[in-house]
Each structure stands twice: as C-alpha cells, then as structure tokens.
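# Descriptive structure summary
The chain contents come next:
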Amino acid sequence: MNLKGVLLLIFLFHTVVNATRPVITLSADEYGASIWIIGILTSTFAFLPLIFSIHAGKIIDKIGDRLPIIIGFVSLIAGMIVPAAFSTIWSLFASQLLLGIGNISIPIALQNQLGHQTTKKNRDYYFSMFSLCVAFGAVVGPLMGGYLSEHISFQIVYIVCVGIGLAGIIFSLKIPKAEQQIHRKPTKMIDSIKLLESPLIRRALFSSALVLYSKDIFVAYFPLLGKQMDLSTSTIGWIIALQGLATMFVRFVLPKLLEIYKREFILFVSIFVAGIAFLLLPLTNSVLVIAFLAIMMGLGLGCGQPISMTTTYNASPPERTGEILGLRITINRLFQLIAPAFFGVIGGSVGMAGVFLFSGVFLVGGSLLFKGKKGEED
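As the structure is a prediction and not an experimental result, all values here were calculated from the model.

Conventions and cut-offs
- Residues numbered from 1 in each chain as written.
- Predicted model: local features only at pLDDT ≥ 70, side-chain atom pairs only at ≥ 80, totals over all residues.
- Heavy atoms only, no water.
- Helix = DSSP H or I, 4+ residues; strand = E, 2+ residues; numbered from the N terminus.
- Polar contact = N/O pair within 3.5 Å; in protein donor to acceptor, adjacent residues only side chain to side chain.
- Contact = heavy atoms within 4.5 Å.
- Core = buried A, V, L, I, M, F, W, Y, C linked by side-chain atoms within 4.5 Å.
- Buried < 20%, exposed > 50% of the residue type's maximum accessible area, 1.4 Å probe, protein only.
- 1 Å grid on protein atoms, 1.4 Å probe; cavity = no way out; pocket = protein on both sides within 12 Å on 5 of 7 lines; lining within 4 Å.
- Points joined across faces, edges and corners; volume = space filled by probe spheres on them.
- Nonpolar A, V, L, I, M, F, W, Y, C, P; charged D, E, K, R; others polar.
- pLDDT = per-residue confidence, 0-100.

### What to know about the side chain of S95
- With respect to the element layout, S95 can be found in helix α4 (residues 89-117).
- Looking at S95, its side chain comes within polar contact range of the main-chain oxygen of G79, at 2.6 Å.
- When near neighbours in sequence (up to four residues on either side) are disregarded, S95 contacts I24, G79, M80 and P83.

What follows is the structure, encoded as structure tokens:
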C-alpha cells in the first residue's frame, strides 16, 4: 500500500472517532449520567489500549500490519452497532471498549507501515501528512456528527459510521501481507519499559500524552460547557471542527518549522499557547471568542503528535518499531484513562469551568519542561 492508502485509512478511522465521541458525551447526558460518570465513560476508550498496546505492537512486528488493521475496523463497526441498537448508558460503555480495540491496532499498524516506507530524511514530512489526515478527521467528524445528530438523531451517526468502517475494511485489503515473519527472542514487559531510559523518547512520549489528553478533555467536556452556554449541537460541532482545521494547518507547515526551529522550542511554544487558550475559554460567552480560542488550541496542540511519532520511530531498534509505537500508545492511553475521570471529579465539584482551568494549568506547567532543552539528533 502506498502513502495515500495509509492516509485514507487513518482519516476514515479518526472521522469515526471524532464524529462519535462528542455524540457519546451528549447521549450520556441525555440518559441522565452525571459528570463523573461521563468522565469514566470518556476514560473507557483508553482502557484496553493502555493494557494491550505494547503486546499488540510486538504482534504487529511479527505478523505484519494488514490483519491487525482489519481486526481494528471490525471492532469499530461492532462499537457503532451497539449504541445504534440499544439506547442505554451501558451500550455507550460497550461502544467505547470496542472502539478502544480499534484504537490499539489501527494507529500502531498504520504508523508502522508508514515508518517502513520512509527514510530518516523524509520521515518528518510523511508523519506530518499522517497527522494532517488525523486532524482532517477531527474536522469532518464533528461536523458530520453535529449535523446528523441535530437534524436526525444520535443513532444515525452510528449507522453512518458503520458504513465508514466497512469502507476501511475494503481498503485495508490492499495492505500487503508481511513478506516474512520477524523471529527474535521474546521480550518481557520490563524490556519494553526500559526503552524509556532514553531521555529523547521520554520527552517525546510525554509531549504526545500531554497533547492527546488535552484534546480528549476538549472533545469530551466542551459539548457540556457549550450546552451550558446554550450553544446548538451544530455550533458545538463547528467549534470542535475549527480546532481540527487549525491542527491541520499547523501540521501542514510543521515540516518547514522544523527546518527553522528546534523541536523542543516548537513543543514549548505550542503547548504553552494551548494552555493559555484552555485557561481563557470558560471566561467568555462570546461564540466568536470561543471559536478563536479553539483555533489557538488547535494550533498549539497540533505540533506534539507528529514530532512524537517521528522521534519515537527514529529512536527505536529496527526490529522493535511496532513495540515502541505500542509503548507510545500505552503512555498516551494512561493519560487518557486517568485525565477524564480526574477532570470529571473536578467538573462535578466545581463545574465545567474548573475542568478547563485545571487543564490549562497542566498544559502551561507541562510546556515548561521543554523550555531551554537542547535539541538532540533523532
């Protein structure tokens, strides 16, 4: 499969994820779930990837990328059928668990496939394009989910996403089978964790996790904040989509930025800007100001993922690329598992404004870890 096929598959996957996660939140609210329960529901998406991503990466190293991707899309389809058929809070939990299975195999296998096709010289560009398609999914998904849910129903969103999942399976069949299995001595979990001894990998994984959990907090809790502000579902979808558009833009220009500035400087500025936007968001009721802050978040949060993917892949042993990408997913999901539940408690205690204020403080504080760091070869 060429680059275009990899980009199409990751776009389809993230379109489904971003179309349904705000709808999941609003559905849970409609079913009478508390903010704390909604936080637990949001965390459920990250539960299985947290446990199994490293092991999945090892399997992908051994058997290739095609079968794990197909399994991921099958799980995604199942995760859409359940809430379409059953209008209960428990169906939403089941949906997030099934979607989590897809979020184990699909990102790892597609990143691995892309890494194999590139060289160290052009990898920044290709991973930026990969992240650009992730961001494109973050634009199309909320718009599609917002309009379909507002004008038809929540269930129609899931049904449309089943069709997208079927298209993903069809295109996955074009991924070549592994030419040969990789035979190497099995590694234990401690061997995977030892990969974190590299300061380069630690910083890359921390920046990725910080960015990803912040995006999750926005997607999960902004619909509730927007509802408190009497925003329509489609307006909420547009604002989330604007964040995705800004993320697309910054990822398009990121390869050029990396030619001019050090990676650590880019991470510091981008995460700091996103943190300030989080802090200011609950302090206004103006739709235009909220849209502007969402754009600033997108610009800030858009740099972390592609830089992290490239750095992680470059620093991994050639025969363990899937394993270390799985480690990256595990760290990301650990943050995604803990953060929504934690912020759900905050939201239940001090309200939605507290969620964004605390998250902003974390981002600003986290950005300082990259200030003054010297760049390293990767």
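### Description of the nonpolar core
- Membership of the largest hydrophobic core comes to 100 residues, with the highest contact counts inside it found for F130, F218, F222, L281 and F356.
- Of the residues forming this core, the biggest block, 14 residues, is contributed by helix α1 (residues 3-30).
- Within the second largest apolar cluster, 6 residues are counted, among which are I54, L205, L327 and I331.

### Notes on empty space enclosed by the protein
- Taken as a whole, this structure holds 5 cavities of 30 Å³ or more when the rule is applied.
- In this structure, the largest cavity spans a volume of roughly 370 Å³.
- H14, V134, L212, K215 and Q305 are, among the 25 residues lining the largest cavity, the residues nearest its centre.
- Looking at the lining of the largest cavity residue by residue, the class counts come to 11 nonpolar, 8 polar and 6 charged.

### Some remarks on the confidence of the model for the protein chain
- When pLDDT is averaged along the protein chain, the result is 78; 85% of the residues meet or exceed 70.
- Mean pLDDT across the elements of the protein chain bottoms out in helix α7 (residues 189-193) (60) and peaks in helix α11 (residues 287-301) (89).
- Note on residues 374-378: pLDDT is under 50 here. Beyond four places in sequence and across chains, it has 14 contacts.

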